[in-house]
Amino acid sequence: MIFIIDDDKMMAECIKKACQKDDVKIFSNAILAMEEISDGKIPDLIFLDILLDGPDGFTFINELMSYSDTANMPIVIVSSLDYSKADLSSYGVVGILNKDMMTPMEIKKYVDKYAI
Amino acid sequence: MESEVDGILVAAHELKAPLALIRQLAFSFDGLNQENENIRTEMIAVSERAIKQVNDLSKVRRLEDGLFEMEPVSIRAVCDEVSHELGQLFSYNEKTLYKKYSNHSKLVTANHDLLYSVIYNFLLNALHYSDKETQAKLLIKDNKGYVKVVVRDYGPTLPVDIWRELKRGWVEKPVSIAMRPGSSGLGLYIASKFSKYMNAKVGAVRHRDGTSFIVELPISKQASLFV
């Protein structure tokens, strides 16, 4: 299962299409995604926008890290902000995609690696 | 002036999201025939150029913060990167780009991203305003402690007032160039601002059949020893 957390619905749909998987869920904010995880639905991979309505992406990551069963969840940050030089691996971030320049192939690469 | 520039920054930020979305939507089309595939390719390319221009506008505002580090940069590598990126666009528009690198000093003191944008804007300008039968030229030469990059186009020549501003060293604000239809002068304004930040000399030479845009960058003396 893959989660996409992005308040831009159309952008989220584009990412979903690039995943080429059936089991993909889109959330418009971090609270909705956290509720789903709390219900025991643990995704294999999360595509996470940073600037969200409500709690931002980093707040969401910190929340995940505070629980043992979600602390090491693979997360790919998808943002227009430039995190290209940031090392966020200690937060479980396995990749950073720049919304301005990412391609469907780059998205699929993470799906193939973490959500087979 | 400050609030005016910040307005540009806000506008630039607001424009980025829809441009990025248009680009992703173009990627999402399936099963296109060749004609529509060409349209998709053009949509992606146009979006990417617009995003780049929006990003450059944001950088113009951030120049004041001095966040762009100056470092030894391979001028030939940057010119190759830009010409490679725009190569497809030149081909698509049935135009050619002639390159000649005769510089001996390989490294200049610059910021890679800003320098990339300067040359990108000059070449994009040359693409728009060169006739199909002619070729734009990208030249690199040595010039007394500087490396000179020249982008020559064969289109309408530059108006005298803009040429004077460039001769002074920078363009104060984007000004529509009357003899070059469709031009807002934005690319020249961005290139001028970035050049000034890098202590590079920017200029232009008017020809009867076009214009040469020039940026001269100081040679990086320390690191040149190791190349």
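Please refer to the structure higher up on the page.
Since this is a predicted model, take the numbers as computed values, not measurements.

A. Local environment of the environment of Tyr-189 of chain B. Residues and elements named next belong to chain B. With respect to the element layout, Tyr-189 can be found in helix H6 (residues 186-197). Using a count of 21 C-beta atoms within 10 Å as the deciding quantity, one classes Tyr-189 as buried. Taking C-alpha positions, Tyr-189 is 23 Å from Val-73, a pair spaced 116 residues apart along the chain.

B. Main features of the sheet that holds strand S5 (residues 146-153) of chain B. All names here are of chain B. Here we have five strands laid out as an open sheet, ordered S2-S4-S5-S7-S6, and mixed in their pairing. Only two strands of the sheet have a single neighbouring strand rather than two, namely strand S2 (96-101) and strand S6 (201-207). Looking at each pair of strands side by side, their axes are set apart by 15° on average, direction ignored. When S6 meets strand S7 (residues 210-218), the two strands line up antiparallel, connected through seven bridges. By the bridge assignment, Arg-206 is partnered in S7 with Thr-211. With respect to the sheet, helix H4 (residues 112-129) is in contact with strand S4 (135-143), S5 and S7, its orientation differing from that of S5 by roughly 20°.

C. Fine view of unusual backbone geometry. All names here are of chain B. With a phi close to 55°, Glu-94 is a non-glycine residue in the positive phi region. Note on placement: Glu-94 falls in the loop between helix H3 (75-92) and S2. With phi around 55°, Asn-199 is a residue other than glycine that occupies positive phi space. With respect to the helices and strands, the residue Asn-199 is situated in the loop between H6 and S6. Accessibility expressed as a C-beta count within 10 Å gives 12 for Asn-199, which makes it exposed.

D. Focus on H3 of chain B. Residue and element names in this part refer to chain B. The first and last C-alpha atoms of H3 sit 26 Å apart over 18 residues, in line with the 26 Å expected at 1.5 Å per residue. Along H3, the largest kink reaches about 40° and is centred on Leu-86. Looking only at H3, the buried set comprises Ile-75, Val-78, Cys-79, Val-82 and Leu-86. Against strand S1 (71-74), strand S3 (107-110), H4, S4, S5 and S7 lie the buried residues of H3. Looking one or two residues past H3, Glu-94 carries a phi angle of roughly 55°, positive in sign.

E. Structural detail: the environment of Tyr-92 of chain B. All names here are of chain B. The residue Tyr-92 is located in helix H3 in this model. Judged by the 13 C-beta atoms lying within 10 Å of it, Tyr-92 falls in the partly exposed class. Separated by 50 residues in the primary sequence, Tyr-92 and Glu-42 place their C-alpha atoms 9.2 Å from one another.

Reading the values: rules and limits
- Residues numbered from 1 in each chain as written.
- Chains lettered and ligands numbered in written order.
- Predicted model: local features only at pLDDT ≥ 70, side-chain atom pairs only at ≥ 80, totals over all residues.
- Helix = DSSP H or I, 4+ residues; strand = E, 2+ residues; numbered from the N terminus.
- Buried ≥ 20, exposed ≤ 12 C-beta atoms within 10 Å, placed from the backbone.
- Pairing = 2+ DSSP bridges.
- Axes fitted to C-alpha atoms, helices over the stretch in contact; angles between N-to-C directions.
- Contact = placed C-beta atoms within 7 Å.
- Expected span 1.5 Å × (residues − 1).
- Bend = angle between axes of the 7 residues up to and from the residue.

By themselves, these figures tell us nothing about what the structure is for.
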